[in-house]
Amino acid sequence: MFFKVDFGKAGLCSFAKASVLVNGTPSSKFQFQCGLKQGDPLAPLLFILVMESLHLSFSRVVEAGIFKGVRLNSSLSLSHLFYAYDALIIGEWSSDNLQGIINVLKCFFLALGLQINFHKSQLLGVGVARPEIEFAASSIGCSIMENQFRYLGVMVGGNMSRCKAWSDIVSKLSSYLSMWKTKTLSIGGRLTLLKSVLCVSPLYCMSIFKAPKGVLKEMESIRNKFFIGADNLDKKITWVAWDKVLASKKNGGLGVSSYFALNMALLFKWIWHFVSQDDSLWFHVMQALYGPHIDSHSVPYSSNWCSILKKMQMLKAKGFDFLSLCNKRVGDENNTSFWLDTWRGDSALRDSFPRMFTLEMEKNYMVATKMAAPVDASFRRSVSEGIELVQFNKLRAILELVSLSHSHDRWICNASSDGSFRVKDIRNLNDDLILPLKSMPTKWMKWWDIDWQSWSSFHTWDDWFSSIKIAPNNKKILEGVFYVAWWSIWVFRNRLLFDDKTPVRSMIFDDIVSLSYLWCKNRCKCAITWKA
């Protein structure tokens, strides 16, 4: 059962009373005559203070057994989720639970004066017959929530693996372009807007869901058209491959980065939260659903978490192993598992020494406990000759180099120099995996290695151009670019002298690009020369 609460927006403090301490003695209570206006910067802070009391109320009724939340295991149950103005109450479907919600909200209103809009609140029953939900909603006076509902800007219950579910995000990305005058911006201006706006517009949804390949391809196409200065109706020549533009600057690109790498880096942040055990509510929920160790999580299930793990395994097969970058830096070693955590080298000791792990009887020992006694003290039998003895000697040699400290254990990410997890670092590693690597900087157009000279007239240029030895097709393209460039500069000069309106200088480059494309495209159909 889900119950989404709608609070009254008018006058947060208009129903409250207060008193003032005068020389340590409280004065008589007086009532506030006006509340805070909508948009007041103090309103969210006061609202959080008020919601804290509602959080304590629900926690107490759960402990008292008046309201039953959704129990995930013996120590964890979910009863409510509060974030700013959004309040979502979660529990088992029963008439007692519904009545408990109404009683708590009414007591909350009487105590603090914050109005509850029951007619705007919504009720959803999971696996409950529709008539039963309609009867409960009519008795409360609320509306019925659909199976797919929006919470904190994210569609809950939708199949985000389908391209149709991302249509709103793609259309919003396209709508941003309509406000920008693409043809009046230089290529540097378009690059700046590309990095600052178009790269971060779908950031929120991509940090939660894995985007389908079709959606990523469509969004990359929108960025590519904007970068070359084309709209949906125009077709312009692309002088540089788009994957080269996406590549990092050290690899000869412009550092725009691909949406695929950004999506993977944002999703891997959840894996980092789970591996580093950040003690958040999300971590405890995932631990209760899938187990304490990420290696034992099954990926065949259809869930968002399983899709993230499946993508991580696919990238591992291609050469990017994210879990190998997550290591534990031991301090006092009281919170590090000796066999299961990666705290020495690039893998856990159970993977590096499988024979020793088989002999171990206490597989969940912490490092500090294991180091307090000989390493074979908890083995079920003595070490045999051969491979077991070789692994045992290597393990003892590694443990001799370990020294305890007074600091706490902490997880580090080897993708950064300081051990912190950053989306930027993981994104760059993914880009290096899928994008081309080049040591030379990217050029907008490939110019041939020829001996350039200065010309005083067209005849001088014509003689020089006839003497150079390059491929015939390349020579035709270069010839067309020269002709178009001279013609565009000449037309600009005439407009500057004779037109009433001053022409835009930045348009010369776009005119040269578009007309050169037409020249190269139609060259084979008709013989066009400068002399003709």
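Here's what I pulled together on the structure shown here. Computed from a predicted structure; not experimentally measured.

With that settled, consider the overall build of the protein. Along the protein, the regular secondary structure elements total 19 helices and 15 strands. Carbon and sulfur atoms form 56% of the exposed surface of the protein, whose accessible area is close to 31300 Å².

Note on placement: Val 154 falls in strand β13 (residues 154–156). The class of Val 154 is buried, set by a relative accessible area of 8%. Taking the C-alpha atoms as reference points, Val 154 and Phe 209, separated by 55 residues in sequence, lie 9.8 Å from one another. Not counting residues up to four positions away in its chain, the partners in contact with Val 154 are Phe 149, Tyr 204, Ile 208 and Phe 209.

By definition, the strands of a sheet pair up through backbone hydrogen bonds, in either a parallel or an antiparallel sense. As summarised here, the arrangement of the five strands in space is β8-β9-β1-β10-β11, forming an open sheet in which the pairing is mixed. Because the sheet does not close on itself, it has two edges, and the strands there are β8 (80–83) and β11 (143–144). By the bridge criterion, three bridges tie strand β1 (residues 2–5) to strand β10 (residues 122–124) in an arrangement that is antiparallel. Looking at β10, one finds that Phe 3 is bridged to Leu 123. The strands touched by helix α1 (residues 42–63) within the sheet are β8 and β9 (86–90), with β8 carrying the most contacts at an inclination of about 175°.

Overall, the coordinates contain seven salt bridges when judged by the stated rule. Between Arg 223 and Glu 220 there is a salt bridge, with the nearest N and O atoms lying 2.8 Å from each other. A residue pair is termed a helical-turn pair when its members lie 3 or 4 positions apart in one helix, as Arg 223 and Glu 220 do in helix α7 (residues 213–228) at three residues. Taken as a pair, Arg 223 and Glu 220 share a single burial class, namely buried. The residue Arg 422 makes a salt bridge to Asp 418 at a minimum N-O spacing of 2.7 Å. On the accessibility criterion, Arg 422 (38% relative accessible area) is partly exposed. Residue Asp 418 is classed as partly exposed on the basis of its relative accessible area of 35%. What emerges from the salt-bridge pattern is a single network uniting Arg 355, Arg 381 and Glu 388.

So, about the layout of surface pockets. Computed from the structure, the second largest pocket encloses a volume of approximately 580 Å³. Along its surface, the second largest pocket is lined by 25 residues, and Ile 294, Asp 295, Leu 323, Thr 342 and Arg 350 are the ones closest to its centre. Counting residues per element, the ones that place at least two in the lining of the second largest pocket are α9 (259–276), α11 (304–318) and α12 (349–352). With four residues, α11 is the single largest residue contributor to the lining of the second largest pocket. Looking at the lining of the second largest pocket, its residues break down into 11 nonpolar, seven polar and seven charged. Each of two domains, domain 3 (263–329 + 410–433) and domain 4 (331–408), supplies a minimum of three residues to the lining of the second largest pocket.

Here the structure, examined in full by the defined rule, presents 18 aromatic pairs. Ring geometry for Phe 268 versus Phe 320: centroids 6.1 Å apart, planes at 10°, classification stacked. A residue pair is termed long-range when its members are at least 10 positions apart, and Phe 268 in helix α9 and Phe 320 in the loop between α11 and β14 (326–329) qualify at 52 residues. The exposure class of Phe 268 is buried, given its relative accessible area of 0%. An aromatic cluster is built from Phe 268, Trp 272, Phe 320, Phe 322 and Phe 421, whose rings are joined through pairwise contacts. Positioned above the aromatic ring of Tyr 259, the side-chain terminus of Arg 223 is 4.0 Å from the ring centre. Positioned above the aromatic ring of Trp 490 is the side chain of Arg 493, whose terminal nitrogen or guanidinium carbon lies 5.1 Å from the ring centre.

Turning our attention to the nonpolar core. If you look at the biggest cluster of nonpolar residues, it comprises 59 residues, and the most contacted ones within it are Trp 166, Ile 271, Phe 322 and Ile 426. Per element, the largest residue contribution to this core is 12 residues, and it comes from α9. Counting 27 residues, the second-largest nonpolar core is a separate cluster that includes Phe 7, Phe 67, Ile 102 and Ile 116.

This part covers a nonpolar patch on the surface. Judged by side-chain polarity, Trp 487, Trp 490, Leu 515 and Leu 518 come together as a nonpolar surface patch covering roughly 430 Å² of accessible area. The set of elements that each furnish at least two residues to the nonpolar patch consists of α18 (472–498) and α19 (507–522). Classification of Trp 490 by relative accessible area gives partly exposed; the value is 48%.

Another aspect to go through is the environment of Tyr 483. Inspection of the secondary structure puts Tyr 483 in helix α18. Considering only alpha carbons, one finds Tyr 483 and Ile 512, 29 residues apart in sequence, at a separation of 9.5 Å.

To continue, consider α19. Taking 1.5 Å as the rise per residue, α19 with 16 residues should run 22 Å; its terminal C-alpha atoms sit 22 Å apart, in good agreement. Residues of α19 that are buried include every one of Ile 508, Asp 510, Ile 512, Val 513, Ser 516 and Trp 519, and no others.

With respect to the helices, strands and loops of the structure, Ser 121 is situated in the loop between α2 (95–112) and β10. Here the side chain of Ser 121 touches Asn 117 through a polar contact of 2.9 Å, landing on its backbone oxygen. Discounting chain neighbours no more than four positions away, the residues touching Ser 121 are Phe 3, Lys 4, Val 5, Asp 6, Cys 142 and Ser 143.

Attention now goes to α9. Compared with the 26 Å implied by 1.5 Å per residue over 18 residues, the 26 Å span of α9 between its first and last C-alpha is a close match. Here α9 lies mainly inside the structure; 15 of its 18 residues are buried. Backbone geometry just downstream of α9 places Gln 277 in the positive-phi region, at approximately 55°.

Across residues other than glycine, the phi torsion is negative in most instances, and most of the peptide bonds are trans. For Asn 23, which is not glycine, the phi torsion reads 55° and is therefore positive. Position of Asn 23 relative to the elements: it lies in the loop between β3 (21–22) and β4 (25–26). Overall, the relative accessible area of 81% leaves Asn 23 in the exposed class. Located in the positive-phi region is Ser 257, a residue other than glycine, with phi close to 75°. Judged by its relative accessible area of 4%, Ser 257 is buried.

Definitions and cut-offs
Residues numbered from 1 in each chain as written. Predicted model: local features only at pLDDT ≥ 70, side-chain atom pairs only at ≥ 80, totals over all residues. Heavy atoms only, no water. Helix = DSSP H or I, 4+ residues; strand = E, 2+ residues; numbered from the N terminus. Areas by Shrake-Rupley, 256 points an atom, 1.4 Å probe, with all protein chains shown as cover. Buried < 20%, exposed > 50% of the residue type's maximum accessible area, 1.4 Å probe, protein only. Contact = heavy atoms within 4.5 Å. Pairing = 2+ DSSP bridges. Axes fitted to C-alpha atoms, helices over the stretch in contact; angles between N-to-C directions. Salt bridge = Lys/Arg side-chain N within 4 Å of Asp/Glu carboxyl O. 1 Å grid on protein atoms, 1.4 Å probe; cavity = no way out; pocket = protein on both sides within 12 Å on 5 of 7 lines; lining within 4 Å. Points joined across faces, edges and corners; volume = space filled by probe spheres on them. Nonpolar A, V, L, I, M, F, W, Y, C, P; charged D, E, K, R; others polar. Domains from an automatic or database assignment. Phe/Tyr/Trp six-rings, centres within 6.5 Å; stacked < 30°, edge-to-face > 60°. Lys NZ or Arg CZ within 6 Å of the ring centre and 35° of its normal. Core = buried A, V, L, I, M, F, W, Y, C linked by side-chain atoms within 4.5 Å. Patch = residues over 30% accessible without salt bridge, like charges linked within 9 Å, V, L, I, M, F, W, Y side chains within 5 Å. Expected span 1.5 Å × (residues − 1). Polar contact = N/O pair within 3.5 Å; in protein donor to acceptor, adjacent residues only side chain to side chain.

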